[in-house]
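Close look at the chain arrangement
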Amino acid sequence: MLSAIADVLRAIGNAIATVVTLPFRALARLFGGASRGAR
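Residues numbered from 1 in each chain as written. Predicted model: local features only at pLDDT ≥ 70, side-chain atom pairs only at ≥ 80, totals over all residues. Heavy atoms only, no water.

What about the overall build of the chain?
- Secondary structure summary: the chain contains 1 helix and 0 strands in total.
- The buried share of the chain, taken over its 39 residues, is 0%.
- Roughly 3,600 Å² of accessible area belongs to the chain as shown, and the carbon and sulfur atoms make up 73% of that amount. (Helix = DSSP H or I, 4+ residues; strand = E, 2+ residues; numbered from the N terminus. Buried < 20%, exposed > 50% of the residue type's maximum accessible area, 1.4 Å probe, protein only. Areas by Shrake-Rupley, 256 points an atom, 1.4 Å probe, with all protein chains shown as cover.)

Some details on the pattern of salt bridges
- In this structure the tally under the stated criterion is 1 salt bridge.
- The salt bridge involving Asp-7 is made with Arg-10; its shortest N-O contact spans 3.1 Å. In this pair, Asp-7 and Arg-10 are both assigned in helix H1 (residues 2-38), 3 residues apart and thus about one turn of the helix distant. (Salt bridge = Lys/Arg side-chain N within 4 Å of Asp/Glu carboxyl O.)

Structural notes on a nonpolar patch on the surface
- Nonpolar side chains collect at one region of the surface, where Met-1, Leu-2, Ile-5, Val-8, Leu-9, Ile-12, Ile-16, Val-20, Phe-24, Leu-27, Leu-30 and Phe-31 lie side by side and expose about 1,300 Å² of accessible area between them.
- Examined against the element boundaries, Phe-31 turns out to sit in helix H1. (Patch = residues over 30% accessible without salt bridge, like charges linked within 9 Å, V, L, I, M, F, W, Y side chains within 5 Å.)

Here it is, written out as structure tokens:
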């Protein structure tokens, strides 16, 4: 029972981490492409 709850919490944590890091990854790609294009 406890391991099932831990699995659910871990899945929720992974989903939140993915949602939080996606915008930063997109921003990094945008700025990386912009600085590469300027040079």
